[in-house]
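Descriptive structure summary
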Amino acid sequence: MQFIEISNIFKSEKKRYKVTAVLKLLVVFALLGFFLSNKPMYHVQTDFYLKRMGFVFLACFWMVFVTVCDIRLSQKVDRAFVIILGVIAPVMGWILSEFLINEAECAFPPTQFYQKEPLWIVLSLAMIILVDLLIIFLTNSIRVGSVIVPFVLFIFAVVVCVVYEFRGIPMMAPDILTVQTATSVMGNYTFKLTFEQYSVILVCMAFFFTFLRLHEVKVTEKRVFHIAGFIVVALGCGLFTNQIILSDFMEEHQINIRMFRPMESYQKYGGVLTFARSVGYAVVKKPEGYTTAKVDQIIQEYEKKSANEQQSTVKQYPNIITVVNETFADIKVLGDFKTNEDYMPYFHSLKKNCVTGYTYASIVGGQTANTEFELLTGNTLGFLSAGTTAFQLYIHGQMPSLVSNLKAEGYSGNKAMHPFNPYNYNRPAVYKDFGFTDFIDKFDFPKNVKRVREYISDEANVDRIISEYEKNRKKTDQPFYMYNMTIQNHSPYDKDAANFKQPIKIESSKYDAEANRYLNLIKYSDDSLKQLTSYFEKCKEPTIILFLGDHQPRLTDEFMNKITNGQYQTWSSEQMMKRYQVPFVIWANYDIKEQHIEKTSMNYIQSILTKTAGVKMTGYQRFLNEVRKEVPTITSQGYWGKNGKFYQINDKGSPYYGIIQKYRMIQYNMMFDKKNRRDSFFEVSK
């Protein structure tokens, strides 16, 4: 045989080859058409456009060439090419994936590899090569394994870029469980591909096209060697996972993956290693020294401390309405800017018969269900794996909650309402486990319901709350409870709409179109709060309304730099907590003690609420009030002690480490040690 033979694939007698070639050509023309239809990709002032166009046309020409031409090399040359490309493939896939992620500004370019510590590079490559070898030995095909690994890395990088663009935080392993939620809102976002990202896609596709034209090369012809090789590599993968991914090996060698600020970890240690280590963090470990006897000891200790805390003496429990308002926040806490008018005037006016303040969430830009989890259970994400979604990972079966305890105290209604896709974050199952009797979702609203942009409005939410209350009053005179998680203010904020008026204007020097739209949405929410309190102000029955945001919005880096004079990029962990700060108010239509709480967190809100309402409290709620005296704020990012200092959750040098560990044990007993759960502590006594 000659060194190389080239023939036209369309002259082949095999129809399968022709169909495959046509499909590949369609992919090439689609890539080229996308480039030519996006003028900003090649019409730039800083780069001669012919340089970019030449690169794209060269790559496309190569893909057409290897598609149309049936290239046959001599057996030895072909095998050599497959082996060489097989060795290069995983390394190339890793470098290109990191480069692609870097274009989302949440990692580093390959040119900076030499500036980094070598250990994480070794670990990243070792992990990728092990997976590559596993697939090669599984399929007994160098070509298959060497195509799959770069392809998976390529898809991983694209997903990371998309997640970062939408949420402002790179993807971690637990985010996989929220894919259904993500896809349900993805249609509302616009993702813009940069030329650099497009170039990586083009190079990857050219590589795949080339590799697929080479002929099959088996690892071994002997089945016993094939199986033995697979077993050895599989054991190696298992050992690597157990000793590196799931252990503290990285931390012991100064590779500290920071789950609550994944962008920082992506920058230091790359996307692949950071994502892989986040798998290990998803496993909740039993607290050090945990025993049921220790739990009983903690319970007895705090029951004595809170024994004198006044239990309910009210003759009539108030109605309680909880409104968790999507992305409701006062972003002036982040930096200095002015608007032509107040975007939350009614909220700012609330003082009489109100408990007001700021609460800190464990999330920013998304993952609303984690705020719901902390609010409804009194548990903190600080003791769970950062980046996880508790609703999907940890709630499996009946769980004591705010609503289950209110039901036990005779509250009626007990409905949850979220006017969006019902199955996001596994809400139907979780709400049932929490004790809600019914779940009102977007399909329970009329088609002509009032919307702001494409989402059901807060005004429509208030109308439904009032309607549910009035229907309930016709059935019973028992106190009424309802929980509402709104949707109106959900991102993105990149489009105007005919049904969306925008009277609020940010000053010209700090103006940002997306932030401006967001503030106008907050004004709509502020109006809805006034609508709700105005109705119940006239109600003769005592009523309490808890209104708060779930998290701050995703804001552009440009806007953050404008309002912080460029300091945002260098904020410390404590300063970064400003991104998790949201306002709350507990409003009553009767006399209550007025109070302003400067700092608290979502896990404490239900205890503050039940104490304010005067309803009977569980031992756990009283325990949380005691913990709050020492640790006024705790989130997955860390906590403030009463001394005003900020600490990381696992800081053993903190003077509050002891009480943090007690809280951790109590929460573990509630969530994970169900056989030995001390139900009487988490539920109201009969």
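Residues numbered from 1 in each chain as written. Predicted model: local features only at pLDDT ≥ 70, side-chain atom pairs only at ≥ 80, totals over all residues. Heavy atoms only, no water.

1. Observations regarding the overall build of the protein chain
- Secondary structure assignment for the protein chain yields 26 helices and 15 strands.
- Counted over contacts in the protein chain with a minimum sequence separation of 6, partners at least 24 positions apart contribute 77%.
- Surface accessibility of the protein chain: about 30400 Å² in total, with carbon and sulfur atoms responsible for 57%. (Helix = DSSP H or I, 4+ residues; strand = E, 2+ residues; numbered from the N terminus. Contact = heavy atoms within 4.5 Å. Areas by Shrake-Rupley, 256 points an atom, 1.4 Å probe, with all protein chains shown as cover.)

2. Some points on unusual backbone geometry
- At the junction of Ser491 and Pro492, the peptide bond is cis and its omega measures out at 10° in the coordinates.
- Inspection of the secondary structure assignment puts Pro492 in the loop between strand S9 (480–485) and helix H20 (513–537).
- Backbone geometry at Asn140 places phi at a positive 55°, although glycine is not the residue there.
- Among the secondary structure elements, Asn140 is positioned in the loop between helix H5 (118–139) and helix H6 (142–167).
- One non-glycine residue, Thr327, lies in the positive phi region at around 60°.
- One can find Thr327 in the loop between strand S3 (319–325) and helix H14 (345–349).

3. With respect to the confidence of the model for the protein chain
- In this model, the protein chain carries an average pLDDT of 83, and 86% of its residues clear a pLDDT of 70 or more.
- Counting interchain partners and residues more than four positions distant, the pLDDT-below-50 stretch residues 107–111 has 18 contacts. (pLDDT = per-residue confidence, 0-100.)

4. Re the nonpolar core
- Ranked by internal contacts, the top residues of the largest apolar core, which has 132 residues, are Tyr481, Tyr483 and Phe623.
- Ignoring any residue separated from it by four or fewer positions in sequence, one finds Tyr483 in contact with Thr322, Val324, Glu372, Leu375, Leu376, Lys415, Ala416, Met417, Tyr431 and Phe436.
- Within the second largest apolar cluster, 63 residues are counted, among which are Val82, Met92, Ala157 and Phe240. (Core = buried A, V, L, I, M, F, W, Y, C linked by side-chain atoms within 4.5 Å. Buried < 20%, exposed > 50% of the residue type's maximum accessible area, 1.4 Å probe, protein only.)

5. Examining the side chain of Ser654
- When you line up the elements, Ser654 lands in the loop between strand S15 (646–647) and helix H25 (657–671).
- A relative accessible area of 5% means that Ser654 is categorised as buried.
- Among residues more than four places away in sequence, those in contact with Ser654 are Tyr639 and Tyr647.

6. Thoughts on the packing of aromatic side chains
- Going through the model one piece at a time under the given rule, you end up with 36 aromatic pairs.
- For the cation-ring pair, Lys332 lies above Phe337, with the distance from its terminal atom to the ring centre recorded as 5.7 Å.
- For Lys599, the ring lying beneath its charged end belongs to Trp640, and the centroid distance is 3.7 Å. (Phe/Tyr/Trp six-rings, centres within 6.5 Å; stacked < 30°, edge-to-face > 60°. Lys NZ or Arg CZ within 6 Å of the ring centre and 35° of its normal.)

7. Digging into the packing of helix H1 (residues 15–37) against helix H8 (residues 195–213)
- Following both chains from N to C, one finds H1 and H8 inclined at 165°, their axes separated by 12 Å at the closest point. With respect to each other, H1 and H8 are oriented roughly antiparallel. Viewed along their axes, H1 and H8 form a crossing whose handedness is left-handed. Listed contacts from H8 to Lys24, Val27, Val28, Leu31, Leu32, Phe34 and Phe35 of H1 are Phe195, Tyr198, Ile201, Leu202, Met205, Phe209, Leu212 and Arg213.
- For the contact of H1 with H8, the residue count by class is 13 nonpolar, no polar and 2 charged. (Axes fitted to C-alpha atoms, helices over the stretch in contact; angles between N-to-C directions. Parallel < 35°, antiparallel > 145°, perpendicular 65-115°, else oblique. Left-handed = near helix turned anticlockwise from the far one by under 90°. Nonpolar A, V, L, I, M, F, W, Y, C, P; charged D, E, K, R; others polar.)

8. A word on the pairing of S3
- Along S3, 7 of the 7 residues are buried, which leaves the element largely enclosed by surrounding structure.
- Judged by which residues are buried, S3 turns out to be covered on both faces: Asn319, Ile321, Val323 and Asn325 on one side and Ile320, Thr322 and Val324 on the other are all buried.
- Pairing geometry for S3 and strand S10 (residues 543–549), over 7 bridges, is parallel. Residue pairing across strands places Asn325 opposite Gly549, the latter belonging to S10. (Pairing = 2+ DSSP bridges.)

9. Quick word on the pattern of salt bridges
- All chains considered together, the criterion is met by 13 salt bridges.
- A salt bridge links Glu301 to Lys662, with the shortest nitrogen-to-oxygen separation between them at 3.1 Å. Of this pair, Glu301 sits in helix H13 (residues 292–305) while Lys662 is found in helix H25, placing the two residues 361 residues apart along the sequence.
- A relative accessible area of 27% means that Glu301 is categorised as partly exposed.
- Judged by its relative accessible area of 22%, Lys662 falls in the partly exposed class.
- Its salt-bridge partner being Lys415, residue Glu468 comes within 2.8 Å of it at the nearest N-O pair. Separated by 53 residues along the polypeptide, Glu468 in helix H19 (residues 458–473) and Lys415 in strand S5 (residues 412–417) bring together distant segments of the chain.
- One continuous salt-bridge network, built from bridges that share partners, spans Lys415, Arg464, Glu468 and Lys471. (Salt bridge = Lys/Arg side-chain N within 4 Å of Asp/Glu carboxyl O.)

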